[in-house]
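Analysis of the macromolecular model
Below are the chains, spelled out letter by letter.
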Amino acid sequence: MRIDGVIKSWQRRGGAMHKEVFMITAVVGANWGDEGKGKITDVLAQESDYIVRFQGGSNAGHTIKNEFGKFGLHLMPSGIFNKEAVSVLGNGVAVNAKKFIEELASIEEAGVPHGKIIISDRAQLVMSYHMALDAYEEERLAGHSFGSTKAGIAPCFSDKYAKIGFQVADLYADKEVLMERIENVCTIKNVMFENLYHKPQIKPEDIYAELMEYAELLRPY
């Protein structure tokens, strides 16, 4: 589903007010996926200044074919192939930092002259324990499992709304502040790891090291 709209705003320049008009196009899926959103976005992106992915995570998939080859995008906005545009991962996206870097590297290795990429500092981070919880829950449900891709998306968004998830901005917080939050998360998650799934507990120092790794990976964006 494509939705077009216009945003009008007034900007002051040189003491005078000037009206600016922005054309906004939203591509929204009405099913469980596979509607061809990525292909439509790729086409529309060629005439756009900004391409913003506003939700979802790396469990999604868009296949794009162009003069550079065939690409399976999972996290990157489809507009990445417009080198004149800015591609944005918005605050509603669950960002797997390693997957993001791997996907970007595969595009660059193919010689794609992509445009600028920006990640919202309010986007949620997919942590290693999210993927572990996703896999353990599928294992626990056995024959009644949901068929999850085990990408950790559901646990990530669950933590977002429980206000215990980590945002990109948190990667650059003071260690003392971050450690307090990490210890709280470990206390909560380890109840599940130990008593529900009977798996090894997570350690605060390991989670901090993981976050610092992501901080370096995402710093340029």
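Placed above this text is the structure.
Before going into details, it helps to say that this report is about the structure given with it.

Rules and cut-offs
- Residues numbered from 1 in each chain as written.
- Predicted model: local features only at pLDDT ≥ 70, side-chain atom pairs only at ≥ 80, totals over all residues.
- Heavy atoms only, no water.
- Buried < 20%, exposed > 50% of the residue type's maximum accessible area, 1.4 Å probe, protein only.
- Helix = DSSP H or I, 4+ residues; strand = E, 2+ residues; numbered from the N terminus.
- Arc of directions from axis to C-beta.
- Core = buried A, V, L, I, M, F, W, Y, C linked by side-chain atoms within 4.5 Å.
- Contact = heavy atoms within 4.5 Å.
- Pairing = 2+ DSSP bridges.
- Axes fitted to C-alpha atoms, helices over the stretch in contact; angles between N-to-C directions.
- Expected span 1.5 Å × (residues − 1).
- Polar contact = N/O pair within 3.5 Å; in protein donor to acceptor, adjacent residues only side chain to side chain.
- Salt bridge = Lys/Arg side-chain N within 4 Å of Asp/Glu carboxyl O.
- Patch = residues over 30% accessible without salt bridge, like charges linked within 9 Å, V, L, I, M, F, W, Y side chains within 5 Å.
- Areas by Shrake-Rupley, 256 points an atom, 1.4 Å probe, with all protein chains shown as cover.
- Lys, Arg positive; Asp, Glu negative; His and termini not counted.

Let's shift gears to helix α1 (residues 37–45). Where α1 is concerned, the buried positions are Gly38, Thr41, Asp42 and Ala45. Seen from one end, α1 has its buried residues packed into an arc of 105°, which puts them on one side.

What follows is about the nonpolar core. Residues Phe166, Ile182, Leu211 and Leu218 are the most contacted members of the largest nonpolar core, which totals 41 residues. If you list the elements that add at least two residues to this core, you get β5 (69–73), α2 (97–109), β8 (116–119), α3 (128–141), α5 (175–196) and α6 (204–218). Once residues lying within four places of it in the same chain are set aside, the contact partners of leucine 218 are Val95, Ala97, Phe100, Ile119, Leu125, Val168, Leu171 and Tyr172. Core analysis: the next-biggest nonpolar cluster, separate from the first, contains six residues, Ala94, Val126, Ala151 and Cys156 among them.

Moving on, we get to the sheet that holds β8. What the three strands build is an open sheet, ordered β3-β6-β8; its pairing is parallel. Of all the strands in the sheet, the pair left with one neighbour each is β3 (50–53) and β8. Between one strand axis and the next, the sheet turns by 20° as a mean value, whatever way the strands run.

Take α2 next. Side chains of residues three or four places apart in an α-helix project in the same direction, reflecting 3.6 residues per turn. In a regular helix each residue adds 1.5 Å, so 13 residues correspond to 18 Å; α2 covers 18 Å between its end C-alpha atoms and thus fits that length. The complete set of buried residues in α2 reads Ala97, Phe100, Glu103, Leu104 and Ile107. All buried residues of α2 lie within an arc of 130° about the axis, which places them on one face of the element. The secondary structure elements touched by the buried residues of α2 are β5, β6 (86–89), β7 (94–95), β8 and α6. Here α2 starts with a cap whose side-chain oxygen sits 3.2 Å from the backbone nitrogen of lysine 98, and that cap is asparagine 96. Positive backbone phi, at 80°, marks glycine 111, one or two positions downstream of α2.

When the charged atoms of two side chains lie near each other, side chains of opposite charge can form a pair. Under the definition given, this model contains eight salt bridges. Across the pair lysine 189 and aspartate 159 runs a salt bridge whose closest N-O atoms are separated by 2.7 Å. In this pair, lysine 189 is assigned in helix α5 and aspartate 159 in helix α4 (residues 153–162), connecting sequence segments 30 residues apart. For aspartate 159, a relative accessible area of 2% translates into the label buried. Salt-bridge contacts for glutamate 216 lead to arginine 219; the nearest nitrogen and oxygen are separated by 2.7 Å.

As for its placement among the helices and strands, glycine 29 is situated in the loop between β2 (16–27) and α1. Glycine 29 has contacts with Glu35 and Lys37, leaving out every residue within four places of it along the chain.

Below, the discussion takes up the pairing of β5. Pairing geometry for strand β4 (residues 62–66) and β5, over five bridges, is antiparallel. Paired with lysine 65 across the two strands is lysine 70, which belongs to β5. In this antiparallel pair of consecutive strands, β4 and β5, the connection spans two residues.

Turning our eyes to something else, we now look at a nonpolar patch on the surface. Taken together, the side chains of Tyr50, Val52 and Phe54 define a hydrophobic patch exposed on the protein surface, amounting to about 340 Å² of accessible area. Along the polypeptide, phenylalanine 54 turns up in the loop between β3 and β4. Take phenylalanine 54: its relative accessible area is 46%, and that puts it in the partly exposed class.

On to the side chain of serine 78, then. Mapped onto the elements, serine 78 comes out in the loop between β5 and β6. Here serine 78 falls in the buried class, since its relative accessible area comes to 4%. Excluding anything up to four places from it in sequence, serine 78 contacts Gly38, Thr41, Asp42, His62, Ile64 and Leu73.

Along the chain, aspartate 134 falls in helix α3. Nearest to the buried, unbridged aspartate 134 among oppositely charged side chains is lysine 150, at 7.3 Å. Once residues lying within four places of it in the same chain are set aside, the contact partners of aspartate 134 are Ser148, Lys150, Ala151, Gly152, Ile153 and Pro155.

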